[in-house]
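# Notes for the structure review
Below are the chains, spelled out letter by letter.
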Amino acid sequence: MVSDLEEKLPENQLPLIPLNVVLFPGNILPLHIFESRYKLMVEFCVQHESCFGVVLIKKGKEIGGMSVPYLVGTSVQIIETDYQEDGRINLITLGQHRFEILDLVYDRPYLVGEVRTQSLEFQKDSDNLEKITSIARELYENYETLLSKTISDWKLPDRIPSSPDQLSSQIGTRLQITLREKQEMLEFFDIDQLLIHQIQVLECETQRLLASRLAQSKFDVLHPKRKAFWKNSSLN
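The rules behind each value
Residues numbered from 1 in each chain as written. Predicted model: local features only at pLDDT ≥ 70, side-chain atom pairs only at ≥ 80, totals over all residues. Heavy atoms only, no water. Helix = DSSP H or I, 4+ residues; strand = E, 2+ residues; numbered from the N terminus. Contact = heavy atoms within 4.5 Å. Areas by Shrake-Rupley, 256 points an atom, 1.4 Å probe, with all protein chains shown as cover. Buried < 20%, exposed > 50% of the residue type's maximum accessible area, 1.4 Å probe, protein only. Pairing = 2+ DSSP bridges. Axes fitted to C-alpha atoms, helices over the stretch in contact; angles between N-to-C directions. Parallel < 35°, antiparallel > 145°, perpendicular 65-115°, else oblique. Left-handed = near helix turned anticlockwise from the far one by under 90°. Nonpolar A, V, L, I, M, F, W, Y, C, P; charged D, E, K, R; others polar. Salt bridge = Lys/Arg side-chain N within 4 Å of Asp/Glu carboxyl O. Phe/Tyr/Trp six-rings, centres within 6.5 Å; stacked < 30°, edge-to-face > 60°. Lys NZ or Arg CZ within 6 Å of the ring centre and 35° of its normal. Core = buried A, V, L, I, M, F, W, Y, C linked by side-chain atoms within 4.5 Å. 1 Å grid on protein atoms, 1.4 Å probe; cavity = no way out; pocket = protein on both sides within 12 Å on 5 of 7 lines; lining within 4 Å. Points joined across faces, edges and corners; volume = space filled by probe spheres on them.

Turning our eyes to something else, we now look at the overall build of the protein chain. Along its length, the protein chain carries five helices and seven strands. Secondary structure elements in the protein chain, listed N-terminal to C-terminal, are β-β-α-β-β-β-β-β-α-α-α-α. Looking at the protein chain alone, contacts between residues at least 24 apart form 67% of all its contacts between residues at least 6 apart. Of the accessible surface of the protein chain, which amounts to about 13600 Å², a share of 51% is contributed by carbon and sulfur atoms.

Turning to the pairing of strand 3 (residues 52-59), a few remarks are in order. Most of strand 3 is tucked away, with six of its eight residues classed as buried. Inspection of the sheet shows strand 1 (residues 13-19) paired to strand 3 by four bridges, in the parallel sense. Residue Leu-19 lies in a different strand from strand 3, and its bridge partner there is Leu-56. Alignment of strand 3 against strand 5 (residues 72-83), held across three bridges, turns out to be antiparallel. Its bridge partner lying in strand 5, Gly-53 is registered against Ser-75.

Here we take up the packing of helix 2 (residues 126-150) against helix 3 (residues 164-174). Look at helix 2 against helix 3: their axes get within 11 Å of each other, and the N-to-C directions meet at 30°. Taken together, helix 2 and helix 3 sit at an angle that is classed as roughly parallel. Like other packed secondary-structure pairs, helix 2 and helix 3 cross with a definite hand, here left-handed. Contacts between helix 2 and helix 3 involve Leu-129, Thr-133, Ala-136, Arg-137, Tyr-140, Tyr-143 and Glu-144 from the first element and Pro-164, Leu-167, Gln-170, Ile-171 and Arg-174 from the second. Class assignment for the residues of the contact of helix 2 with helix 3 results in seven nonpolar, two polar and three charged.

A separate point is the side chain of His-197. Looking at where His-197 falls in the secondary structure, it is placed in helix 5 (residues 191-222). Discounting chain neighbours no more than four positions away, the residues touching His-197 are Glu-184, Met-185 and Phe-188.

Turning our attention to the pattern of salt bridges. Counted according to the given criterion, the structure contains seven salt bridges. Put simply, Arg-137 and Glu-141 hold a salt bridge, and the shortest N to O gap is 2.9 Å. Of the two residues, Arg-137 and Glu-141 both sit in helix 2, four residues apart, roughly one turn of that helix. With a relative accessible area of 30%, Glu-141 lands in the partly exposed category. With its nearest N and O atoms 2.9 Å apart, the salt bridge here joins Glu-205 to Arg-208. Of this pair, Glu-205 and Arg-208 both sit in helix 5, three residues apart, which is roughly one turn of that helix.

Turning to its location among the elements, Gly-73 is positioned in strand 5. In this structure the C-alpha to C-alpha distance between Gly-73 and Ile-17, which are 56 residues apart in sequence, comes to 9.8 Å. Once residues lying within four places of it in the same chain are set aside, the contact partners of Gly-73 are Val-54, Val-55, His-97, Arg-98, Phe-99 and Leu-186.

In this structure the tally under the stated criterion is zero aromatic pairs. Residue placement shows Arg-108 over the ring face of Phe-44; its charged tip is 4.9 Å from the ring centre.

Moving on: the nonpolar core. Membership of the largest hydrophobic core comes to 30 residues, with the highest contact counts inside it found for Tyr-140, Tyr-143, Ile-171, Leu-175, Met-185 and Leu-202. Counting residues per element, this core draws most heavily on helix 2, at eight residues. Counting residues in hydrophobic clusters, the runner-up holds 21 residues, among them Ile-17, Leu-31, Tyr-38 and Val-76.

Within this model, the second largest pocket holds a volume of roughly 280 Å³. Among the elements of the structure, strand 1, helix 1 (36-48), strand 6 (89-105) and strand 7 (111-118) are those that each provide at least two residues to the lining of the second largest pocket. Here the element with the most residues in the lining of the second largest pocket is strand 1; it accounts for three residues.

This is the structure:
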């Protein structure tokens, strides 16, 4: 008889890992699995060749106990597994698509969600989307260039996508904003509205970086041997 943990989940259910990360579809997420419950989950997913979901923690901690997640996350496919001698597992996963949690199921050691897949909706006016995408791409290119001049070890991306969905995922991933702000972007299901929102954020963040660079230059003149206090702050 097959145990409950080995039984395949219904198609509308997905194992979940609440983390302090927001993953956008199309992006790679390495994971280091060491908790027993998530080792079981990985074995389940490998056995059934199924995905699991990555969701941002709303309340609680990553390690130990059940955390309360936000209700929109990204399903991931395991593309590489590396089993360690001490039982830990290193994973390479790839984000697949957004999903919305309709209900949570607590009948396994790990969290399971009853979910609905959410795909980005494209409006019929392709000319308008092309215009929005072009504006977002130009602002994002300028933002990346500015970051490389502001942060000494900042590495520019190898390429900037031209397709609206891939571009929005890269922008959401690389923007230096809080996790809550990234989560807000993940919860957009309309590509036009998402890119318009990202344009607004890019404009604000660009102005913030320009102001920071100006403040830094003046601070360096007055205090050449001291580190600016705002560089010790954390976004999250």
